[in-house]
Amino acid sequence: MEYELACQRLCDDISQLLLNRPGPRSLVAYAAERATRDLSAAFHHAAGRPEDARWSNALESLERFLDLCDHSPVANPAAMRNLRTFAEENGDILSPHTELKRAS
């Protein structure tokens with residue numbers, strides 16, 4: 001139940017950022033859908049197993065979505081903060097390639 005609630009909160013935050021975002025949305029909508037799908041897969045199929053590739057996929061998708069949101073005004077800073085915090089707290093799950101990209 002705890003994983004389900006955490007997943008729902010993250011997906012709600014993604015929705016809030018997408019819905020309150022001004023301007024064109026097609027690329028951001030795709031990134032939001034992918035992050036939502038990947039997070040759901042990780043929470044539902046790999047909960048408690050941080051070594052499962054679904055987690056690194058989910059965090060990479062979430063990072064891509066957040067990077068796109070960084071380039072526009074954020075209407076919901078609390079949602080952005082929650083998602084950034086989750087990504088930072090779980091960043092050690094990311095693949096070495098993604099870690100190098102984040103460091104640059």
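Anyway, here's the lowdown on the structure attached to this text. (Residues numbered from 1 in each chain as written. Predicted model: local features only at pLDDT ≥ 70, side-chain atom pairs only at ≥ 80, totals over all residues. Heavy atoms only, no water.)

When helices and strands are counted, the protein shows five helices and zero strands. Order of helices (α) and strands (β) in the protein, N terminus to C terminus: α-α-α-α-α. For the protein, the proportion of its 104 residues judged to be buried stands at 39%. Pairs at least 24 residues apart make up 62% of the contacts formed inside the protein by residues separated by at least 6 positions. Within the structure as shown, the protein displays about 6,200 Å² of accessible surface, and the carbon and sulfur contribution to it stands at 55%. (Helix = DSSP H or I, 4+ residues; strand = E, 2+ residues; numbered from the N terminus. Buried < 20%, exposed > 50% of the residue type's maximum accessible area, 1.4 Å probe, protein only. Contact = heavy atoms within 4.5 Å. Areas by Shrake-Rupley, 256 points an atom, 1.4 Å probe, with all protein chains shown as cover.)

Further remarks concern the layout of surface pockets. Approximately 220 Å³ is the volume found for the largest pocket. Around the largest pocket, the lining is made up of 13 residues, and of these Ala 6, Leu 10, Phe 43, Phe 86 and Asn 90 lie nearest the centre. Those elements that place two or more of their residues in the lining of the largest pocket are helix H1 (2-19) and helix H4 (77-89). For the lining of the largest pocket, the class distribution of residues is seven nonpolar, three polar and three charged. (1 Å grid on protein atoms, 1.4 Å probe; cavity = no way out; pocket = protein on both sides within 12 Å on 5 of 7 lines; lining within 4 Å. Points joined across faces, edges and corners; volume = space filled by probe spheres on them. Nonpolar A, V, L, I, M, F, W, Y, C, P; charged D, E, K, R; others polar.)

Another aspect to go through is H1. Side chains three or four residues apart in an α-helix point the same way, a direct result of the helix having 3.6 residues per turn. Between its terminal C-alpha atoms H1 stretches 26 Å, which fits the 26 Å expected from 18 residues at 1.5 Å a residue. When H1 is considered as a whole, its buried residues turn out to be Cys 7, Leu 10, Cys 11, Asp 13, Ile 14, Leu 17 and Leu 18. The buried residues of H1 occupy one face: seen down the axis, they fall within an arc of 150°. With respect to the buried face of H1, the exposed residues turned more than 90 degrees away are Glu 2, Arg 9 and Leu 19. On the buried face of H1, the contacting elements are helix H2 (26-45), helix H3 (53-70) and H4. (Expected span 1.5 Å × (residues − 1). Arc of directions from axis to C-beta.)

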